[in-house]
Structures are given as structure tokens and as C-alpha cells.
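Secondary and tertiary structure notes
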Amino acid sequence: MRKGLFIGINNYSHVSQLSGCNNDAMAMASVLKTDANGDPNFKNLVLTSAEDYLSREKLEGHIQELFSGDCSVALLYFAGHGNFDIDTDEGMLIPQDYKSAKDGIRISDILNWATKAVKIKNKVIILDCCQAGSAGEVRALRSESSMVCEGMTILTACKKEEPAMEGANHGVFTGLLLQALHGGAANILGKITPGSLYSFVDNALDAWEQRPVFKTNVSQFISLREVSPLIPKEILRKLPDWFEEAESMFALDPSYEPTEATFDPEHGEVFAQLQKCNRHSLIEPVDAEHMYYAALHSTGCRLTALGAYYRELAIKGHF
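The name an unreviewed UniProt entry assigns to the protein chain is Caspase family protein, from the organism Pseudomonas wuhanensis.

1. Quick look at the overall build of the protein chain
Helix and strand counts for the protein chain stand at 10 helices and 14 strands. When its C-alpha atoms are laid out on the principal axes, the protein chain stretches across 80 × 40 × 35 Å. Every one of the 319 residues in the protein chain was classed for burial, and the buried ones make up 50%. Across the protein chain, the fraction of contacts at a sequence separation of at least 24, relative to all contacts at a separation of at least 6, is 70%.

2. A look at the nonpolar core
In terms of nonpolar packing, the biggest core is built from 68 residues, with Ile7 and Phe67 touching the most fellow members. Element by element, the count of residues in this core is highest for strand β3 (residues 71-79), at 8 residues. Sequence-distant contacts of Phe67, that is, excluding residues within four places in its chain, are made with Ala74, Leu76, Ile110, Trp113, Ala114, Ala117, Ile120, Lys123 and Ile125. The next biggest cluster of nonpolar side chains, apart from the first, holds 25 residues, and it includes Leu252, Cys277, Cys301 and Leu303.

3. Re the state of the cysteines
Considering all chains together, one arrives at 0 disulfides under this definition. Lacking any disulfide linkage, Cys277 is separated from the closest cysteine sulfur, that of Cys301, by 8.8 Å. Using a relative accessible area of 0% as the deciding quantity, one classes Cys277 as buried. Given a relative accessible area of 0%, Cys301 falls into the buried group.

4. Quick look at the sheet that holds strand β5 (residues 90-93)
In any sheet, the strands associate via hydrogen bonds between backbone groups, in a parallel or an antiparallel arrangement. The strand order β4-β5-β6 describes an open sheet built from 3 strands, whose pairing is antiparallel. Of all strands in the sheet, those bounded by a partner on one side alone are β4 (82-85) and β6 (105-106). With 2 bridges joining them, β5 and β6 adopt antiparallel strand pairing. Looking at β6, one finds that Met92 is bridged to Arg106.

5. Overview of the pattern of salt bridges
In a structure, side chains of opposite charge can pair up when their charged atoms sit close to one another. Tallying each qualifying case throughout the model produces 7 salt bridges. Arg106 serves as the salt-bridge partner of Asp109, at 3.0 Å between the closest nitrogen and oxygen. Under the relative-accessibility criterion, Arg106 is labelled partly exposed at 32%. Where Glu226 meets Lys191, a salt bridge forms, and the shortest distance between an N and an O atom there is 2.9 Å. Within this pair, whereas Glu226 is found in strand β11 (residues 225-226), its partner Lys191 is found in strand β9 (residues 191-192), the two being separated by 35 residues in sequence. Residue classification places Lys191 among the partly exposed residues on the basis of a relative accessible area of 30%.

6. Some remarks on the packing of aromatic side chains
The final tally for this structure, using the stated rule, is 8 aromatic pairs. Of the aromatic side chains, those joined through ring pairs into one cluster are Phe243, Phe250, Tyr256 and Phe271.

7. Concerning the pairing of strand β8 (residues 152-156)
For β8, a buried count of 5 out of 5 residues is recorded, marking the element as mostly surrounded by other parts of the structure. Burial along β8 is two-sided: Met152, Ile154 and Thr156 and Thr153 and Leu155, pointing in opposite directions, are all buried. Where β8 lies against strand β10 (residues 213-217), 5 bridges are found, and the strand directions are antiparallel. In the sheet register, Thr153 faces β10, and the bridge partner there is Thr216.

8. A closer look at the pairing of strand β7 (residues 120-128)
Successive residues of a regular strand alternate their side chains across the two faces of the sheet. Along β7, 8 of the 9 residues are buried, which leaves the element largely enclosed by surrounding structure. Bridge analysis of β3 against β7 gives 8 bridges, and the strand direction is parallel. Each bridged residue has a counterpart across the sheet, and for Leu76 the counterpart in β7 is Ile125. Relative to β8, β7 runs parallel, the two being bridged by 5 bridges. Across the sheet, residue Val124 finds its bridge partner in β8, namely Thr153.

9. Considering the packing of helix α1 (residues 21-33) against helix α4 (residues 172-184)
Contact geometry for α1 and α4: axes closest at 10 Å, N-to-C directions at 10°. On the basis of their axis angle, the class for α1 and α4 is roughly parallel. Between α1 and α4, the contacting residues are Asp24, Ala27, Met28, Val31 and Leu32 on the first element and Thr174, Leu177, Leu178, Leu181 and His182 on the second. Of the residues assigned to the contact of α1 with α4, the class counts are 7 nonpolar, 2 polar and 1 charged.

10. Details of the environment of Val270
Its location among the elements puts Val270 in helix α8 (residues 265-279). Counting along the chain gives 28 residues from Val270 to Trp242, while the straight-line C-alpha distance between them is 9.5 Å. The contacts of Val270, once residues within four sequence positions are left out, are Trp242, Phe250 and Tyr256.

11. Concerning the packing of α4 against helix α5 (residues 194-204)
The relative placement of two packed helices comes down to the angle between their axes together with the axis-to-axis distance. One way to put it is that α4 packs onto α5 with a least axis distance of 9 Å and a crossing angle of 130°. Taken together, the axes of α4 and α5 are oblique relative to one another. Judged by the sense of rotation from one axis to the other, the crossing of α4 with α5 is right-handed. Between α4 and α5, the residues in contact are Phe173, Leu176, Leu177, Gln179, Ala180, Leu181 and Gly184 and Leu197, Phe200, Val201 and Ala204, respectively.

Calculation criteria
Residue positions are given per chain, counted from 1 along the sequence in the order it is written. Given that this is a predicted model, residues contribute local features only at a pLDDT of at least 70 and side-chain atom pairs are listed and counted only at 80 or more, while totals for whole chains, interfaces and linings are drawn from all residues. Excluding hydrogens and water, the side-chain figures rest on all heavy atoms present in the structure. Numbering goes from the N terminus for both helices and strands, where a helix is a DSSP run of H or I of at least four residues and a strand is a run of E of at least two. Burial here depends on accessible area, computed with a 1.4 Å probe over protein chains only, as a share of the maximum for the residue type. Under 20% is buried, over 50% is exposed, and the range in between is partly exposed. Working rule for contacts: check all heavy atoms of both residues, and any pair within 4.5 Å makes them a contact. Nonpolar cores are built from buried Ala, Val, Leu, Ile, Met, Phe, Trp, Tyr and Cys residues. Side-chain atoms within 4.5 Å join them into one set. Any pair of cysteine sulfurs within 2.5 Å is marked as a disulfide. For two strands to pair, DSSP has to find at least two bridges joining them. Any Lys or Arg side-chain nitrogen located within 4 Å of an Asp or Glu carboxyl oxygen qualifies as a salt bridge. The rule is short: rings of Phe, Tyr and Trp, with Trp giving its six-membered ring, pair when the centres are within 6.5 Å, and they are stacked under 30 degrees, edge-to-face over 60, tilted in between. The angle between two axes is taken between their N-to-C directions and runs from 0 to 180 degrees, where each axis is a line fitted to C-alpha atoms and a helix contributes only its stretch in contact. Small angles under 35 degrees read as roughly parallel and large ones over 145 as roughly antiparallel, with 65 to 115 read as roughly perpendicular and the rest as oblique. Residues are grouped as follows: Ala, Val, Leu, Ile, Met, Phe, Trp, Tyr, Cys and Pro are nonpolar; Asp, Glu, Lys and Arg are charged; all remaining types, including Gly, are polar. If you view the pair so one helix is near and one far, a crossing is left-handed when the near helix is turned anticlockwise from the far one by less than a right angle, and right-handed when it is turned clockwise.

Next comes the structure, spelled out in C-alpha cells:
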């Protein structure tokens, strides 16, 4: 089972109001509920200030419940105010009834609850709030652990000292996460991992005054969501047939190019599939700038390092 807790707070009793956090939580829960083909993905609980009063006691109870029991993935998402207590060197999430630092939900407590959830294989924490980057600093773990625990991934909107910007309808960070989860961060097989999410957001935030933080301790990235593969699996399965060895060259000639008099339709079908692989950096032309010229000049094409990786996956029957 994969479960998610999505928290969004716009309305605060004693601090400034926000505008996009309720939307952020609902949109993130919606996109992660299913894969792109409609298959079930996360079983979600959504808490927003539009529907409930989200006090510290209420939120802590739900977060502790998330990191309890036995499941494959537990994901916590929070959008709202964040703060940092200089006196205790503590980052915190701000509930609706926050008045002073003692009312905040300490990020170190959340990390400790997740660390103790030994029956949950993967713990993912995503924070879209100001100064959330304190979650990525190891010293925030108030326990004997010397590192982010095994199976934990932390992704935050900004560094400890930075604000998290809001856009028109969503936080800037969450808006990018949504683009990534709808396919922008998908790999060749259509899988979207925490690592690919971070890469997508990090590149897109280059022009903004906030830098995301990413910390993880996993042996292998999980897929948070799946969309249609960039290259159909039936094409990827042909890589070992086209390339007997990872270093092999697939010979081309003018019969592969539809504009030439010697064009062979069967060759043209293969060439179209090779070109699709080329567009996604699995294959590159040999001694030519484009695949077209490789065919015209009777050279060929070969696997890139990425292509050799997917060839090996095909041999092992991974798709």
C-alpha cells in the first residue's frame, strides 16, 4: 500500500494569510492518486484550512498516524507557513493556531517519527514552506542517528534561510512539481522518481530566488507516478536485436530514408523507430550530424551510454 497525507493551510489565526496552499495540497493529492493510465497509486488524506481547523494537535496526530503501520510508501506533503527558531536551531511547520515558537510542529520531530517507522519501506517528505530547507540538515535529527534514515527522501521548496514564493494559484515550487508529475520529469519508461522531480524543479527554479533542497538515503529510487513511456516498450525490447553488443553499430544505407529512390518500406519502419530512440538520446549517428545523413552516407548508428543501459534492461526482461 502507498499512502499520502496532504496538508494545505491558507488561513491563519495569528499570522499572515496565504492564497495557494489549499490548492497545492488538493492538486498534489489529485495527481498522485492515480497513474496517468488511471491505475490506483496513492491512497490519500487531504487536510486543508478550507475544510477544517488544522491545529498543532490535529496535525501532529495525523502525521504520526501516517508514519505508523506497515506500507511500502508513506508520503507527507505540506504547504503553508514555515519558520525557524533561532534559539533552538529548529525548523518548524506552522499550524493554524500558531502564536509563538512553542506552537510550531518541529521538523526534527517529524523526521524522528518517520525514522521510527521501520515497517514503512520508503518515507517521502515534501515541504513547500518558507525556510523548509532545515529539514535537509542532518543536525535537525534529534536522535542518535547520524544521517537521514534508510528509505527516507526529503524534498523542500527552499533552503533554510530562504522564502518559498507563491504564484497566481499555486506555490512556485508546487506548480513545478505538478508539471513534473504530469510527465515533465518522466524517464524513458514513463516513471517519475523523487530524483527526477528534484532535477526538474532545480533546473526550472534557476531564475528564482529560492533553491530546492534534496536529501535521500535509498538504495534505489521508487516511482512516485507513472505516465506513458517516452519510447514504447515494444521498441525498447528491440535494442538487443539491433545491437548484438553494447558497442555494436547498426549499419544504415539510403534504403532506410523515404526520400531516396532505393527506399525499402520495411527499412523505413525500422528507421522511424531508431529515430525515436535518437530523439530521446538512446542512439546517436556515426560520423554524421543527423540520422538522415548517416543513412544517406551509409554509415550507421550506435547506442549511447543511456541506450546501452536500456539495452541491458531489455535483456534482463525488465519491460
